[in-house]
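Structural overview
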Amino acid sequence: MRLNLVIELRDAPGQLLSVLEPLGSSGANIVTVIHERDREYGPMVPVQLTVEGDRETLDAAISKLQERGVNIIEMDGAPLREKFTSILIGEISEGDLHEAVEAINSVRGASVSDLSLRMSGERQSARITVEAEHGTREMVLERIQEAASRHDLLLITEV
């Protein structure tokens, strides 16, 4: 049986090897590796893998990847995780940011993967990148909107 995966790795030396080793040691046969490092993805790079083995072997391989904290984005074409960005604009305090981050992190399977703040004059902007399990996006956006509304902040989200 074959399994197609899309994983996300930090763009740093040794990251690809750190994923291939547990796959091979579990007995899975690595058929294809497509590493798209030449594109601009920021600090993370998507890697497409095709592995072969029986169900037990593939389950063991997936478990080993998860134990190592490897972010599996897609499995056999089904998205498992997604990233999206929202921007808050207004008079943003440290407490406002803390509340927004806590609201996101309170959703099971969601976390803030990047946060940047721009301070200029009376209005600030905060760009929040969220990584979440597939299907939780709407709940995360509702929580961010609730936090933004409480503090009279404008929320801009990806469509």
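The structure reproduced in this document is the subject of the present report. The shown structure was predicted, so the numbers you read here are calculated from the model rather than taken from an experiment. The numbers attached to residues start from 1 for each chain and follow its sequence in the written order. Where totals are concerned, whole chains, interfaces and linings use all residues; where local detail is concerned, this predicted model gives features only for residues with pLDDT of at least 70, and gives and counts side-chain atom pairs only at 80 or more. Side-chain descriptors were evaluated using all non-hydrogen atoms of the structure, hydrogens and water having been removed beforehand.

With respect to the side chain of aspartate 96
Each helix corresponds to a stretch of at least 4 residues labelled H or I by DSSP, and each strand to a stretch of at least 2 residues labelled E; elements are numbered beginning at the N terminus. Checked against the element boundaries, aspartate 96 lands in helix α3 (residues 94-105). Buried, partly exposed and exposed residues are distinguished by accessible area as a fraction of the type maximum, computed with a 1.4 Å probe on protein chains only: under 20%, between the cut-offs, and over 50%, respectively. Neither His nor the chain termini are counted; the positive set is Lys and Arg, and the negative set is Asp and Glu. Any carboxyl oxygen of Asp or Glu that lies within 4 Å of a side-chain nitrogen of Lys or Arg is treated as forming a salt bridge with it. Arginine 150 provides the closest opposite charge to the buried, unpaired aspartate 96, separated from it by 8.5 Å. Counting of polar contacts relies on pairs of N or O atoms within 3.5 Å, with two restrictions inside protein: one atom must be capable of donating a hydrogen and the other of accepting it, and residues adjacent in sequence are counted only when both atoms are side-chain atoms. A distance of 3.0 Å separates a polar atom in the side chain of aspartate 96 from the backbone nitrogen of serine 93. In contact with aspartate 96, other than residues within four places in its own chain, are Glu91, His151 and Leu153. Residues are treated as being in contact if the distance between any of their heavy atoms lies within 4.5 Å.

Observations regarding the sheet that holds strand β1 (residues 2-10)
Whether two strands pair depends on DSSP finding at least two bridges between them. The strand order β2-β3-β1-β4-β5 describes an open sheet built from 5 strands, whose pairing is antiparallel. Looking at which strands have only one partner, the edges of the open sheet turn out to be β2 (29-35) and β5 (78-79). As defined by bridge partners, β1 adjoins strand β4 (residues 71-75) across 4 bridges and the pair is classed as antiparallel. In the sheet register, glutamate 8 faces β4, and the bridge partner there is asparagine 71. All axes are obtained by fitting lines to C-alpha atoms, using only the stretch in contact for helices, and the reported angles, taken between N-to-C directions, cover 0 to 180 degrees. With respect to the sheet, helix α1 (residues 15-25) is in contact with β1, β2 and β3 (44-52), its orientation differing from that of β2 by roughly 160°.

Examining the packing of α1 against helix α2 (residues 55-67)
Viewed as axis vectors pointing N to C, α1 and α2 meet at an angle of 145°, and their least axial separation amounts to 8 Å. α1 and α2 meet at a crossing whose hand is right-handed. Of α2, the residues touching α1 (which contributes Val19, Pro22, Leu23 and Ser25) are Ala61, Lys64 and Leu65. Here a crossing is taken to be left-handed if its near helix is turned anticlockwise relative to the far helix by less than a right angle, and right-handed if that turn runs clockwise.

Description of empty space enclosed by the protein
Using a 1 Å grid laid over the protein atoms alone, points where a 1.4 Å probe fits but cannot get out form a cavity; open sets with protein on both sides within 12 Å along at least 5 of 7 lines form a pocket; any residue with an atom within 4 Å of a point counts as lining. Grid points are joined across faces, edges and corners, and a volume is the space filled by probe spheres set on the points. Going through the model one piece at a time under the given rule, you end up with 1 cavity of 30 Å³ or more. Along its surface, the largest cavity is lined by Leu88, Asp96, Ala100, Ile144, Ala147, Ala148, His151 and Leu153. Looking at the lining of the largest cavity, the elements with two or more residues in it are α3 and α4 (137-150). No other element matches α4, which puts 3 residues into the lining of the largest cavity. The class makeup of the residues in the lining of the largest cavity is 6 nonpolar, 1 polar and 1 charged. Note on residue classes: Ala, Val, Leu, Ile, Met, Phe, Trp, Tyr, Cys and Pro are nonpolar, Asp, Glu, Lys and Arg are charged, and everything else, Gly too, is polar.

Comments concerning α4
Helix span, as expected, comes to 1.5 Å for every residue beyond the first. Between the first and last C-alpha of α4 there are 20 Å, a value that for 14 residues agrees with the 20 Å anticipated at 1.5 Å per step. Of all the positions in α4, only Arg137, Val140, Leu141, Ile144, Ala147 and Ala148 are classed as buried. When α4 is viewed along its axis, its buried side chains cluster within an angular range of 125° and face the same direction. Residues of α4 that are exposed and point more than 90 degrees away from the buried face comprise Glu138 and Arg150. The elements touched by buried residues of α4 are β6 (81-90), α3, β7 (110-120), β8 (123-133) and β9 (154-157). Downstream of α4 by a residue or two, aspartate 152 has a phi angle that is positive, lying close to 55°. Directions drawn from the helix axis to the C-beta atoms are what define this arc.

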